[in-house]
Amino acid sequence: MEAAILILALLFVAFVALGVFVTVKAVGAAKRGVERTVTQARRTVEETSLRARSYGQGGVVGELAQLRLSLRTSMRATQDALQAGAGEDASLSESISLFQRLSAHGHELDDELKRLEREPDRATVASLLPGLRERTERIVHSAESLRWAARDRARKFAEDDLDALRTQIDMEAGALRHWSVEDPSTGEPVTGQSGSRGGAWPDAGGQAGPGQTWPEVDTAGQAGSAAAADSAQAPSPSAAQQDQQAQPQAITARDPRQQNTYPWQKTARPETTN
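Residues numbered from 1 in each chain as written. Predicted model: local features only at pLDDT ≥ 70, side-chain atom pairs only at ≥ 80, totals over all residues. Heavy atoms only, no water.

Turning next to the packing of helix α2 (residues 59–86) against helix α4 (residues 122–176). The interhelical angle for the contact between α2 and α4, taken along N-to-C directions, is 20 degrees, at an axis separation of 9 Å. When the axis of α2 is compared with that of α4, the two are roughly parallel. For the crossing formed where α2 meets α4, the hand is left-handed. By residue class, the composition of the contact of α2 with α4 is 18 nonpolar, four polar and six charged. (Axes fitted to C-alpha atoms, helices over the stretch in contact; angles between N-to-C directions. Helix = DSSP H or I, 4+ residues; strand = E, 2+ residues; numbered from the N terminus. Parallel < 35°, antiparallel > 145°, perpendicular 65-115°, else oblique. Left-handed = near helix turned anticlockwise from the far one by under 90°. Nonpolar A, V, L, I, M, F, W, Y, C, P; charged D, E, K, R; others polar.)

Taken residue by residue, the protein chain gives an average pLDDT of 74. The fraction at 70 or more is 64%. Per-residue pLDDT, averaged within each element of the protein chain, yields its smallest value for helix α5 (residues 219–233) (52) and its largest for α4 (91). Counting interchain partners and residues more than four positions distant, the pLDDT-below-50 stretch residues 192–199 has zero contacts. When the criterion is pLDDT under 50, residues 208–214 qualifies, and its contacts beyond four places in sequence or with other chains add up to one contact. (pLDDT = per-residue confidence, 0-100. Contact = heavy atoms within 4.5 Å.)

A few words now on the nonpolar core. With 20 residues, the main nonpolar core has Leu-64, Leu-71, Met-75, Leu-109, Leu-113, Leu-132 and Ile-139 as its most contacted residues. Those elements that place two or more of their residues in this core are α2, α3 (93–117) and α4. Looking at which element gives the most residues to this core, the answer is α4, with eight residues. In contact with Leu-64, other than residues within four places in its own chain, are Leu-113, Leu-116, Glu-117, Val-125, Leu-129 and Leu-132. (Core = buried A, V, L, I, M, F, W, Y, C linked by side-chain atoms within 4.5 Å. Buried < 20%, exposed > 50% of the residue type's maximum accessible area, 1.4 Å probe, protein only.)

Moving on, we come to the pattern of salt bridges. The tally for this structure, following the rule as stated, stands at nine salt bridges. Residues Arg-133 and Glu-63 are paired through a salt bridge, measuring 3.1 Å at the closest nitrogen-oxygen approach. One end of the pair, Arg-133, is in helix α4; the other, Glu-63, is in helix α2, and 70 residues separate them in sequence. A salt bridge links Glu-112 to Arg-135, with the nearest nitrogen and oxygen atoms 2.9 Å apart. Of the two residues, Glu-112 sits in helix α3 while Arg-135 sits in helix α4, which places them 23 residues apart along the sequence. Classification of Glu-112 by relative accessible area gives partly exposed; the value is 23%. Look at Arg-135 and you get partly exposed, because its relative accessible area is 30%. (Salt bridge = Lys/Arg side-chain N within 4 Å of Asp/Glu carboxyl O.)

For any two aromatic rings, the description comes down to two numbers: the centre-to-centre distance and the angle of the planes. Across all of its chains, the model carries zero aromatic pairs by this definition. Its guanidinium or amino end placed over the ring of Trp-148, Arg-151 lies 5.0 Å from that ring's centre, counting from NZ or CZ. (Phe/Tyr/Trp six-rings, centres within 6.5 Å; stacked < 30°, edge-to-face > 60°. Lys NZ or Arg CZ within 6 Å of the ring centre and 35° of its normal.)

Before going further, it helps to examine a nonpolar patch on the surface. Where nonpolar side chains cluster on the molecular surface, the patch consists of Ile-7, Leu-8, Leu-11, Phe-15, Leu-18, Phe-21 and Val-22 and spans about 740 Å² of accessible area. Its place among the elements puts Leu-11 in helix α1 (residues 2–56). The partly exposed category is assigned to Leu-11, whose relative accessible area is 45%. (Patch = residues over 30% accessible without salt bridge, like charges linked within 9 Å, V, L, I, M, F, W, Y side chains within 5 Å. Areas by Shrake-Rupley, 256 points an atom, 1.4 Å probe, with all protein chains shown as cover.)

Dropping the structure here:
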């Protein structure tokens, strides 16, 4: 009885621990989903406001908004391209590490541009714009270099795979056309005459009408001509065979066991010696 109670208690504890674990995992996944959604919504709102300021406002504020928008757009496109290709190409891990170092500089520049947007001294901000523009162009250029290199690499792999596939398809197509033979003089494929059918009657001189009959065949004449043709085609005996026929043949004695016996003949008895 005590063993059964102990087993039930252990099962209860195990189920409670499993429930707590599943609940924690579900809460963590939901929290991450909410954070991802909030971050995405905040990013969308911020980019929309940046586009509005870059196109709607001029001067220092519009210039800063345009720099931030170009920086964020280029960095996000490069990040998406590298993450998409990393699953198929393991050699992009070094590119991802370099992009992470570049992202640190990009975040620093974006924060600085964001602070300058709230700066009341527009003259000082205007004096800093050439240096900020140069830094932005350098970071954007580096991000574009990584992005286009990853895309060119993926396109090159796709082209190589397509060329190999085309070669295999050409070989398979040639194997399926094994009956086709190329003429060495012209190089064009020469196939057998598929229009001729075995056993077809040759064309007659005129078309047979409904009342026409086949002529009678002289069987005796055909037999004689066939025999003459066979005798003409038969090979002539060689000189060695003619010499063997000219030499006299030895007389072979008849076997007494194969001779015909008659009833009146006496059976030969073997001779006995005393």
